[in-house]
Amino acid sequence: MEKNLTSGSVFKTILGFSLPFLLSNFLQTLYGMADLFIIGQFNGVESTTAVSIGSQVMHMITVMIVGIAMGTTVVIGICMGANDKKKMSLAVGNTVTLFTIISVAITVILICLVNVITRVMCTPQEAVNGTVQYLTVCFIGIPFITAYNIISAIFRGMGDSKSPMYFVAVACVINIILDVIFIGGLGLGPMGAALGTTVSQTLSVIVALIVISRKENGLKISKACLKPDKNVMKEILKVGIPVSLQDGFIQISFIIITIFANRRGLNDAAAVGIVEKIISVIFLVPSSMLSSVSSLTAQNIGAKKHGRAKETLGYAITICVIFGVAASVFMVLFAEPVVGIFTNDRISVSMGSQYLRGYVWDCIFAGVHFCFSGYFCAYGLSGISFVHNCASILCARIPLSYYASVHYKDTLFPMGIASPAGSALSVVICIVAFVWMCRKGINRVERQ
């Protein structure tokens, strides 16, 4: 289960860690993709819109949970690099306690606010009932979504990115089977899509717990480890809260953009929802690099190998830029057939293709600032990531999207361009922050 990431080829270490994580993210994203694809085959555009809007809300909640869990990954990674097993066990126990409280509280609050959330999203009237059904069922499953993500965070902090991949693979297969049964066989529509996701996540957690109980992991979790420790929780939350807030704000910005699209009509709403799913697949590489950089850098910080941490950042950025350029060119050339996979509606395909051709360039810039964010988080400077993402959202992403939605009624391309413009601003801020770190000696190279 444990793996030391502080020695050997940096490039090979990044690939060895990030590829299983990439596949895990792909399989997890396939949940939403499967929901959207299958609902589109058996139901009309109103059900597709309900699932796309509902899944956006759920994605925002999930990434905020993952953001807080980033604190666990970093703390455990540093303990792993320093070979401090006692503190590592304490961090795992405190994580279980912390997230149990968080998940129960979130579940209760969101179930009470489901109708309010649906209205805030400016959901088209035809899709309101389906959206409420989808969200209600998914909200009930939040404790299991949380459990899966904290288990994954713990494993990755210990250098194991393969085990979470196996757990999510189980959930993905079950989810697709249940979607076909619930949506196609039983005709449950958006509720069936949500049931498939929730049940599959639950079974994935059960499988994960069975594996953990039978696997030698080097940790001894006692009741004392579950007792809240002020210092450990402070370390986890110091990294996790800014990351969670920044991810939440990013998703809120996407939701606001969705609201702009929803106001333009059902077809535009469906088009934006579909493209968000496509983009979520393309962004798997940058997202994987963010978590990989944070995990690898954390272990190297614990081992006092700051030079190796910088190398990790450099390789990760290079990989993201190369991938981003390739993905952007491909999507510009083949936008229509890609969007057409998810809907047969001609207008939605046309509008979605326009949006995708503008949006996809964000993959390049986002990849760069994702890598920087993972690096900053490992050093306990997640506040920098929070700042550059807020600047991106408030100064570019939202205002440019609003302007485009009002002044370009016949095309979604200008709305798509708002995202890469925002990420470009983030990259500039990240570079300035990195230079500042170097001058302050925060990420200095240790002399051996």
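Located above this text is the structure these notes cover.
Quick notes on the rules
- Residues numbered from 1 in each chain as written.
- Predicted model: local features only at pLDDT ≥ 70, side-chain atom pairs only at ≥ 80, totals over all residues.
- Heavy atoms only, no water.
- Helix = DSSP H or I, 4+ residues; strand = E, 2+ residues; numbered from the N terminus.
- Rg over C-alpha atoms; globule rule 2.2 N^0.38 Å.
- Buried < 20%, exposed > 50% of the residue type's maximum accessible area, 1.4 Å probe, protein only.
- Contact = heavy atoms within 4.5 Å.
- Areas by Shrake-Rupley, 256 points an atom, 1.4 Å probe, with all protein chains shown as cover.
- Patch = residues over 30% accessible without salt bridge, like charges linked within 9 Å, V, L, I, M, F, W, Y side chains within 5 Å.
- Salt bridge = Lys/Arg side-chain N within 4 Å of Asp/Glu carboxyl O.
- Phe/Tyr/Trp six-rings, centres within 6.5 Å; stacked < 30°, edge-to-face > 60°.
- Expected span 1.5 Å × (residues − 1).
- Bend = angle between axes of the 7 residues up to and from the residue.
- Polar contact = N/O pair within 3.5 Å; in protein donor to acceptor, adjacent residues only side chain to side chain.

Student: Teacher, can you tell me more about the overall build of the chain here?
Tutor: Each helix and strand in the chain was counted, giving 18 helices and 0 strands. Taking 448 residues into account, the globule formula puts the C-alpha radius of gyration at 22 Å, and the chain, at 21 Å, falls close to it. Across its three principal axes, the chain shows a C-alpha extent of roughly 65 × 45 × 35 Å. Looking at the 448 residues of the chain, the share that counts as buried comes to 59%. Taking as baseline every contact in the chain between residues at least 6 positions apart, the subset at least 24 positions apart corresponds to 84%. For the chain, the exposed surface amounts to about 17800 Å²; the carbon and sulfur share of it is 68%.

Student: Help me understand a nonpolar patch on the surface in this model?
Tutor: A grouping of Val-321, Val-325, Val-329, Phe-330, Leu-333, Phe-334, Trp-361, Phe-413 and Ile-417 is seen on the molecular surface, where their side chains present a nonpolar patch of about 750 Å² in accessible area. Of all the secondary structure elements, the ones that give two or more residues to the nonpolar patch are helix H13 (306-333) and helix H18 (413-440). Per element, the largest residue contribution to the nonpolar patch is 5 residues, and it comes from H13.

Student: What is the right way to look at the packing of aromatic side chains in this model?
Tutor: Aromatic rings considered in pairs are described by the distance between their centres and by the relative angle of their planes. Across all of its chains, the model carries 11 aromatic pairs by this definition. Ring geometry for Phe-372 and Phe-376: centres 5.9 Å apart, planes at 20 degrees, overall stacked. Here Phe-372 pairs with Phe-376, and both are found in helix H16 (residues 362-378), just 4 residues apart, close to one helical turn. Residue classification places Phe-372 among the buried residues on the basis of a relative accessible area of 7%. Since its relative accessible area comes to 0%, Phe-376 is described here as buried.

Student: Just to check I follow, could you spell out helix H17 (residues 382-407) for this structure?
Tutor: Taking 1.5 Å of rise per residue, 26 residues should cover 38 Å, and H17 covers 36 Å from first to last C-alpha, within 8% of that figure. The principal kink in H17, of about 40 degrees, is found at Ile-393.

Student: Would you mind showing me how to read helix H11 (residues 266-282) here?
Tutor: Taking 1.5 Å per residue as the helical rise, H11 with its 17 residues ought to reach 24 Å, and the 25 Å between its terminal C-alpha atoms agrees with that figure. Summarising burial for H11: 14 of the 17 residues are buried, a large majority.

Student: In this structure, what is going on with the pattern of salt bridges? I would like to understand it.
Tutor: When charged atoms on two side chains of opposite charge get close, those side chains can pair. Evaluation of the coordinates by the stated rule reveals 2 salt bridges. Where Arg-357 meets Glu-336, a salt bridge forms, and the shortest distance between an N and an O atom there is 2.7 Å. A residue pair is termed long-range when its members are at least 10 positions apart, and Arg-357 in helix H15 (residues 346-359) and Glu-336 in helix H14 (residues 335-340) qualify at 21 residues. A salt bridge links Asp-362 to Arg-397, with the nearest nitrogen and oxygen atoms 3.8 Å apart. In this pair, Asp-362 is assigned in helix H16 and Arg-397 in helix H17, connecting sequence segments 35 residues apart. Using a relative accessible area of 4% as the deciding quantity, one classes Arg-397 as buried.

Student: Honestly, the side chain of Asp-362 in this entry has me stumped. Any pointers?
Tutor: For Asp-362, a relative accessible area of 1% translates into the label buried. Not counting residues within four places of it along the chain, the set of residues in contact with Asp-362 comprises Phe-283, Gly-367, Arg-397, Ser-419, Pro-420 and Ser-423.

Student: Whenever I open this one, the environment of Thr-107 confuses me. Can you help?
Tutor: Checked against the element boundaries, Thr-107 lands in helix H3 (residues 85-112). Sequence spacing of Thr-107 and Gly-240 is 133 residues, and the spatial spacing of their C-alpha atoms is 20 Å. Setting aside residues no more than four positions away along its own chain, Thr-107 makes contact with Phe-139, Ile-140, Ile-142 and Pro-143. Among the polar contacts listed, one links the side chain of Thr-107 to the backbone oxygen of Ser-103, at a separation of 2.8 Å.

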